[in-house]
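Below, each chain spelled out in residue letters.
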Amino acid sequence: MNEAFTEFEHSVYAALETYANVHRGSGYNSMVTTGLYEQARSVVLEYLGLSERSHTVIFCTPRGAKTLAAQLTPGSFQSLSSLDIGLSLGVRALVVKKNALPGGIPFQTGGGTTRLMAPAWVIWAKAPGRFEAGTPAIINIIAFAKALMLTRKPGSDLFKNYFCEKQEAGEILYHDDLEGLTGRKLLEGLRKNLIGVKVRVPTREGLRPYVNLDNAASTPTFEPVWEAVRKTWRQPLPVQQQILEEVRSVCAGALRAPQNLYDVIFTSNTTEAINLVAENMGLEPDQGVEPVVLNTFLEHSSNDLPWRFVPRHTLVRISIDSDGVIDLPELNAVLTRYNEKQLEGNRRVKLVAVSGASNVLGICNDIAEIARIVHQYGAKLLVDGAQSVAHCKVDMEKTGIDYLAFSAHKVYAPFGCGALVVKRGLLHFSPPEMQLIRSSGEENAGGIAALGKALVLLQRVGFDVIRNEERALTGRLLSGMAKIPGLKIFGIKDPETPAFERKSGVVAFSLKGVMPGSVAAELALRSGIGVRYGCHCAHLLVKRMLGVGHGLERFQRLLLTLFPNTNLPGVVRVSLGIENTAEEVDLLIETLNLIAMKTPSPGNSTGPSTS
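1. Some details on the overall build of the protein chain
Here is step 1 of the chain: Within the protein chain one finds 20 helices and 20 strands.
Here is step 2 of the chain: A compact globule built from 611 residues should have a C-alpha radius of gyration of about 25 Å, and the protein chain, at 23 Å, falls within 12% of that.
Here is step 3 of the chain: Looking at the protein chain as a whole, 61% of its 611 residues qualify as buried.
Here is step 4 of the chain: With 64 positive and 59 negative side-chain charges, the protein chain shows a separation of 6 Å between the mean positions of the two kinds.

Okay, here's the thing in structure tokens:
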């Protein structure tokens with residue numbers, strides 16, 4: 001048994017060494033992780049003796065699997081749970097006959113569920129992506145597949161009832177090999193303890209260190225976080241419950257959300273958290289008005305699509321400028337029109353949903369001022385904190401945030417956990433449904449431990465240190481990019497302007513005469529740099545950035561309908577994290593210069609292998 005668990009952990013660790021978000025990534029790590037993730041589907045099918053010609057594997061949360069199964073005909077699907085093999089990974093695999101999958105709107109909407117979208121219409125993705133909203137629990141799913149492989153001969157009881165020496169929750173979350181370090185010294189220590197830091201990836205010039213500049217998609221992790229996960233996996237249920245409650249307290253402290261005022265609900269990702277709020281709005285009692293949700297053209301699709309499908313609700317969007325700054329006078333004017341002067345009949349703005357930081361333009365809007373305006377007119381505020389929590393201080397009580405959604409995989413804890421932090425009294429789910437929501441997220445004990453440990457480490461580094469370090473790297477990046485011929489930066493460009501104070505480490509750009517996919521591929525092939533390209537699940541924003549009008553938008557819709565594999569225009573995105581260094585930024589700038597000057601690179605033109 002111990003040998004099996006050790007082999008299991010070694011395999012998960014190997015997956016972490018080359019971890020990145022799946023699909024649409026150009027770097028070696030994204031290609032490898034995508035390969036492993038898709039291979040996990042094959043493992044599930046093989047385990048059940050089914051064929052991929054007739055069946056599709058959809059990975060879900062426990063609650064998501066129950067919701068989707070309710071839409072399927074009995075006998076058209078089979079279900080596998082990580083609990084079936086004694087692991088608290090929070091993973092369900094629904095194996096569905098392809099001709100049995102439901103049409104219409106997916107049970108959960110958001111990133112990855114669409115192929116193309118406009119303000120008034122959506123072309124949904126094909127299965128299984130259509131039913132896997134947001135970033136799935138990639139590492140947990142790979143771990144689940146490995147565990148299935150290990151249990152084939154000895155049987156499904158292999159991992160059941162095995163526990164190592166019992167440890168206290170505080171020991172797992174607060175103690176580690178770096179516990180004597182704080183501030184910048186801890187930051188430097190974490191960089192040395194980055195999992196995968198010694199891995200070399202293939203380029204045209206041979207093996208080189210991998211440079212991850214794709215942190216806005218997902219973040220790698222560190223040895224202390226992994227240690228918290230593996231220790232939690234080996235603990236009995238009572239200890240796992242203690243860890244869960246302690247992490248709830250950690251989240252409340254890190255986000256300045258006192259537990260007497262706020263509840264912390266664990267989810268699988270930001271997308272699920274926002275979908276929960278949208279679902280909750282549909283349960284609110286009828287107050288004789290038509291509720292309106294207000295958001296912006298800046299939003300990730302996970303903070304757009306869920307609001308489109310709330311029964312009896314209307315979605316209204318307000319403007320942003322070219323930097324991504326929300327038009328606050330317009331916000332005030334819209335709320336005045338709807339809620340104060342009541343000029344829109346019985347329609348009232350009940351919720352304003354905005355991103356704390358853009359995943360494309362990197363703008364950090366003034367959430368405190370937005371909250372002040374929103375509450376002045378009796379509405380509530382939801383903040384998509386996916387791009388905020390790992391990079392800057394969040395004070396929910398002081399700022400006045402009613403709902404905050406975020407993902408652990410963007411906070412250096414990529415183990416399938418997220419959270420909805422919500423003011424008490426705002427949720428209207430029935431007690432049984434609320435219990436299902438809680439138990440679904442809480443089944444992923446290791447992911448919750450990872451989130452808690454990562455937040456503990458980030459607080460020990462200090463968000464002032466993190467912000468200053470990332471601001472210096474972003475300024476260096478923008479200054480270097482400005483000198484590259486034909487390179488266009490979108491959003492805030494000049495680090496010497498006051499606006500730069502509102503800029504995160506996310507930079508979107510294009511290179512004249514070179515397609516975004518080609519730029520991203522060349523960065524990987526020449527220098528082992530991983531970035532991301534496309535629309536970044538922010539179709540409305542990227543199309544506005546590129547000047548795609550209604551006519552071209554309709555043509556794209558027709559084109560994608562007739563030719564589903566067509567690649568549409570987008571932008572390249574670089575996104576920094578605490579593991580990045582000035583040397584990595586300089587390498588990016590140097591490589592972009594070579595690409596811009598069409599300088600040939602040594603070797604052949606084939607990409608790195610994903611095997």
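Structure's up, so let's keep going.
2. A word on the packing of helix α15 (residues 445–461) against helix α16 (residues 463–481)
Here is step 1 of the chain: It is at 5 Å that the axes of α15 and α16 come closest, and there the two elements cross at 80 degrees. Here α16 runs roughly perpendicular to α15, going by the angle between their axes. Within the contact between the two elements, α15 uses L458, Q459 and V461 and α16 uses F463, V465 and I466.
Here is step 2 of the chain: Residue composition of the contact of α15 with α16, grouped by class: five nonpolar, one polar and no charged.

3. Focus: the environment of Y377
Here is step 1 of the chain: In this structure, Y377 sits in the loop between α12 (367–376) and β13 (380–384).
Here is step 2 of the chain: By relative accessible area, Y377 is classed as buried at 12%.
Here is step 3 of the chain: In this structure the C-alpha to C-alpha distance between Y377 and L511, which are 134 residues apart in sequence, comes to 44 Å.
Here is step 4 of the chain: Setting aside chain neighbours within four positions, we find Y377 in contact with N332, L335, T336, N339 and E340.

4. Quick notes on the environment of V199
Here is step 1 of the chain: In this fold, V199 is placed in the loop between α6 (183–192) and β6 (200–203).
Here is step 2 of the chain: Setting aside anything within four residues of it in sequence, one finds V199 in contact with E17, T18, R208, P209 and Y210.

5. Describing helix α9 (residues 270–281)
An α-helical turn contains 3.6 residues, so any two residues separated by three or four positions project in the same direction.
Here is step 1 of the chain: Look at α9: 17 Å from first C-alpha to last across twelve residues, which is about the 16 Å you get at 1.5 Å a residue.
Here is step 2 of the chain: Of all the positions in α9, only T270, T271, E272, A273, I274, N275, L276, V277, A278, N280 and M281 are classed as buried.
Here is step 3 of the chain: Measuring from the side-chain oxygen of the N-cap residue of α9 to the backbone nitrogen of T271 gives 3.2 Å; that N-cap residue is N269.

6. Comments concerning the sheet that holds strand β15 (residues 418–423)
Here is step 1 of the chain: An order of β9-β15-β14-β13-β12-β10-β11 is seen for the seven strands of this open sheet, with the pairing classed as mixed. In this open sheet, the two strands that pair with only one neighbour each are β9 (262–267) and β11 (314–318). Along the sheet, successive strands turn relative to each other by an average axial angle of 20 degrees, direction set aside.
Here is step 2 of the chain: Where strand β12 (residues 347–355) and β13 come together, five bridges link them in parallel fashion. In the sheet register, S355 faces β13, and the bridge partner there is D384.
Here is step 3 of the chain: Contacting β10 (290–296), β11 and β12, helix α11 (residues 328–340) runs over the sheet at an angle of about 155 degrees to β12.

7. Some thoughts on a nonpolar patch on the surface
Here is step 1 of the chain: A contiguous nonpolar surface patch, about 330 Å² in accessible area, is contributed by L558, L562 and F563.
Here is step 2 of the chain: Looking at the secondary structure, you find F563 in the loop between α19 (550–562) and β20 (571–575).

8. Some words on the pairing of β6
Regular strands show a simple pattern: their side chains alternate between the two faces of the sheet.
Here is step 1 of the chain: Side-chain alternation along β6 places V201 and T203 on a buried face and R200 and P202 on a face that remains uncovered.
Here is step 2 of the chain: Of the pairings in the sheet, the one linking β6 to strand β7 (residues 206–209) comprises four bridges and is antiparallel in character. Looking at the pairing, R200 lines up with P209 of β7.
Here is step 3 of the chain: In this structure, the hairpin formed by β6 and β7 is closed by a connection of two residues.

9. Some remarks on the packing of aromatic side chains
Here is step 1 of the chain: Tallied over the entire structure, the rule returns eight aromatic pairs.
Here is step 2 of the chain: For the ring pair F5 and F8, a centre distance of 5.8 Å and an interplane angle of 90 degrees mean the geometry is edge-to-face. Here F5 and its partner F8 are both found in helix α1 (residues 2–17), three residues apart, which amounts to about one turn of the helix.
Here is step 3 of the chain: Under the relative-accessibility criterion, F5 is labelled buried at 1%.

Rules and cut-offs
- The numbers attached to residues start from 1 for each chain and follow its sequence in the written order.
- Per-residue local features are limited, in this predicted model, to residues with pLDDT of at least 70; the limit for side-chain atom pairs, both in listing and counting, is 80 or more; totals at the level of whole chains, interfaces and linings are taken over all residues.
- Only heavy atoms go into the side-chain values, all of them from the structure, while hydrogens and water stay out.
- Only DSSP runs of H or I with at least four residues qualify as helices, and only runs of E with at least two residues qualify as strands; both kinds are numbered from the N terminus onward.
- We compute the radius of gyration from the C-alpha atoms alone; for a globule the expected value is 2.2 Å times N to the 0.38, where N is the number of residues.
- Any residue under 20% of the maximum accessible area for its type is buried, any over 50% is exposed, and the rest in between are partly exposed; the area is computed with a 1.4 Å probe on protein chains only.
- Counting rule applied: Lys, Arg positive; Asp, Glu negative; His and chain ends not counted.
- Here the site of a charge means atom NZ of a Lys, CZ of an Arg, CG of an Asp or CD of a Glu.
- Here the axes come from fitting lines to C-alpha atoms, over the contacting stretch only for helices, and the angles between their N-to-C directions go from 0 to 180 degrees.
- Reported orientations rely on four angle classes, namely roughly parallel under 35 degrees, roughly antiparallel over 145, roughly perpendicular from 65 to 115, and oblique for the rest.
- Contact between two residues is taken to exist if any of their heavy atoms lie within 4.5 Å; hydrogens are not considered.
- Three classes are used, and their members are as follows: Ala, Val, Leu, Ile, Met, Phe, Trp, Tyr, Cys and Pro are nonpolar, Asp, Glu, Lys and Arg are charged, and the others, Gly among them, are polar.
- Multiply 1.5 Å by the residue count of a helix minus one, and that product is the helix's expected span.
- The definition of a polar contact used here is a pair of N or O atoms within 3.5 Å, where within protein one atom must be able to donate a hydrogen and the other to accept one, and adjacent residues in sequence count solely through side-chain atom pairs.
- Pairs of strands are assigned from DSSP output, requiring at least two bridges between the strands.
- Without a salt bridge and with relative accessible area above 30%, a residue can belong to a patch; like charges are then joined within 9 Å and nonpolar side chains (Val, Leu, Ile, Met, Phe, Trp, Tyr) within 5 Å.
- We get accessible surface area from the Shrake-Rupley algorithm with a probe of 1.4 Å; when it comes to residues, only the shown protein chains can shield them.
- Salt bridges, as used here, are contacts in which a Lys or Arg side-chain nitrogen is within 4 Å of a carboxyl oxygen on Asp or Glu.
- Between rings of Phe, Tyr and Trp, where Trp is taken as its six-membered ring, a pair exists when centres lie within 6.5 Å; planes separated by under 30 degrees are stacked, by over 60 edge-to-face, and by other angles tilted.

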